[in-house]
Amino acid sequence: MMLVIVLGFVVPFVLGADTGCLNLSGTCQEDNLPCSGGYVSGLCSGHASRRCCLPTGSGGCSNVNIISRAQWGARSPTHVSYISVPVSEFFIHHTESPSCSSITECSARVRGIQNYHMDSRGWSDIGYSFLVGEDGNVYEGRGWSHVGAHTAGYNSRSFAASMIGSYMNHLPNSKALTAVKNLIACGVQLGKITSSYRLFGHRDAGQTNCPGDALYAEIQTWPHYSHGNP
Ligand SMILES: [Zn+2]
């Protein structure tokens with residue numbers, strides 16, 4: 001027991017590992033440990049499962065509750081490519097599935113989407129950077145560190161959030177709309193997205209009706225929406 005306690009203090013010193021998350025007031029730790037807020041990727045040195053626990057009320061993401069991959073039960077990616085940040089484009093999608101209104105329900109939906117993307121599409125992971133539920137939570141997909149598979153031709157230079165639901169004829173609820181807006185603002189604060197970023201819907205970049213007519217009309221009223229080609 002004594003040895004374990006001593007090693008716990010000494011090893012980080014010996015390895016020179018810092019426990020802070022860049023300039024944010026979170027803690028770098030293994031992401032299967034309890035975290036009173038949410039985990040954010042890309043802020044800690046070391047291997048991928050060592051991530052920043054940002055407690056609620058701290059740092060740039062205090063108004064965003066991110067459900068980590070470990071929390072929703074993600075499979076490991078079969079391959080990852082690192083994205084160069086900050087990016088200057090952000091895309092909005094919808095999942096064209098039923099919506100969800102609790103962590104349990106949304107986590108199951110996200111696991112199903114990951115299975116579809118990996119098993120039927122043959123992708124290395126769930127395609128989206130993040131997903132947003134009508135429970136008001138953000139579900140971490142490929143996160144802020146990895147290139148996604150969401151918007152053909154733009155994946156290596158953008159992030160994307162997919163609203164869980166089908167938004168042809170109605171909007172996501174206000175909790176989900178607030179969550180995605182706060183997520184984008186959080187990305188700017190974390191230095192992952194430029195402050196002059198341009199916002200698009202998926203259909204601006206390809207032949208698709210994503211993110212649905214109703215949601216597409218909504219995002220065109222947001223300040224960073226960019227008419228014209230991405
Ligand atoms: Zn889409």
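Residues numbered from 1 in each chain as written. Predicted model: local features only at pLDDT ≥ 70, side-chain atom pairs only at ≥ 80, totals over all residues. Heavy atoms only, no water.

Caption draft 1: View of the nonpolar core. By size, the foremost hydrophobic cluster in this structure holds 37 residues, and its most contacted members are Phe90, Ile92 and Met163. No other element matches the seven residues that helix H4 (residues 174-189) contributes to this core. Structurally, this core is a two-domain feature, drawing no fewer than three residues from each of domain 1 (18-60) and domain 2 (87-219). Setting aside residues no more than four positions away along its own chain, phenylalanine 90 makes contact with Phe159, Ala160, Ala161, Leu183, Ile184, Ile193, Tyr197, Arg198, Leu199 and Phe200. Trp72, Val110, Leu131 and Ile164 belong to the second-largest nonpolar core, a separate cluster that totals 11 residues. (Core = buried A, V, L, I, M, F, W, Y, C linked by side-chain atoms within 4.5 Å. Buried < 20%, exposed > 50% of the residue type's maximum accessible area, 1.4 Å probe, protein only. Helix = DSSP H or I, 4+ residues; strand = E, 2+ residues; numbered from the N terminus. Domains from an automatic or database assignment. Contact = heavy atoms within 4.5 Å.)

Caption draft 2: Region of the structure containing the side chain of aspartate 31. With respect to the helices and strands, the residue aspartate 31 is situated in the loop between strand S2 (24-30) and strand S3 (38-40). A relative accessible area of 15% places aspartate 31 in the buried class. For aspartate 31, the side chain forms a polar contact with the side chain of arginine 51, separated by 2.8 Å. When residues no more than four places from it in sequence are discounted, the contact partners of aspartate 31 are Tyr39, Ala48, Ser49, Arg51 and Ala70. (Polar contact = N/O pair within 3.5 Å; in protein donor to acceptor, adjacent residues only side chain to side chain.)

Caption draft 3: View of the environment of glycine 136. Mapped onto the fold, glycine 136 is located in the loop between strand S7 (130-132) and strand S8 (138-140). On the basis of relative accessible area, glycine 136 is assigned to the partly exposed category, the value being 23%. Between the C-alpha atoms of glycine 136 and serine 102, which are 34 residues apart in sequence, the distance is 8.6 Å. If near-sequence neighbours (up to four positions away) are discounted, glycine 136 is found in contact with Lys175 and Ala179.

Caption draft 4: View of the state of the cysteines. Counting across every chain of the model gives two disulfides. A sulfur-sulfur distance of 2.1 Å marks the disulfide that ties cysteine 28 to cysteine 44. Across the S-S bond of cysteine 28 and cysteine 44 the torsion is about -90 degrees, and the bridge reads as left-handed. With cysteine 28 in strand S2 and cysteine 44 in the loop between S3 and strand S4 (50-54), this residue pair connects regions lying 16 residues apart in the sequence. Comparing cysteine 28 with cysteine 44, the two get one shared label, buried. Here cysteine 100 is linked by a disulfide to cysteine 106, with a sulfur-sulfur distance of 2.1 Å. Disulfide cysteine 100 to cysteine 106: torsion about the S-S bond roughly 105 degrees, handedness right-handed. Accessibility expressed as a relative area gives 1% for cysteine 100, which makes it buried. (Disulfide = S-S within 2.5 Å.)

Caption draft 5: Representation of the coordination of the zinc ion. Coordination sphere of the zinc ion, protein contribution only: His93 (ND1), His202 (ND1) and Cys210 (SG), at 2.0 to 2.3 Å. Counting gaps between the donor residues of the zinc ion yields the pattern H-x108-H-x7-C. Within this pair, whereas histidine 93 is found in strand S6 (residues 87-94), its partner cysteine 210 is found in the loop between strand S10 (193-201) and helix H5 (213-219), the two being separated by 117 residues in sequence. (Donors = N, O, S within 2.8 Å, 3.2 Å for Na, K, Ca; no water.)

Caption draft 6: Expanded view of the pairing of S6. Of all eight residues in S6, seven are buried, a share of seventy percent or more. Taken together, the five bridges between S6 and S10 define a ladder with parallel strand orientation. The residue of S10 that forms the bridge with valine 87 is isoleucine 193. (Pairing = 2+ DSSP bridges.)

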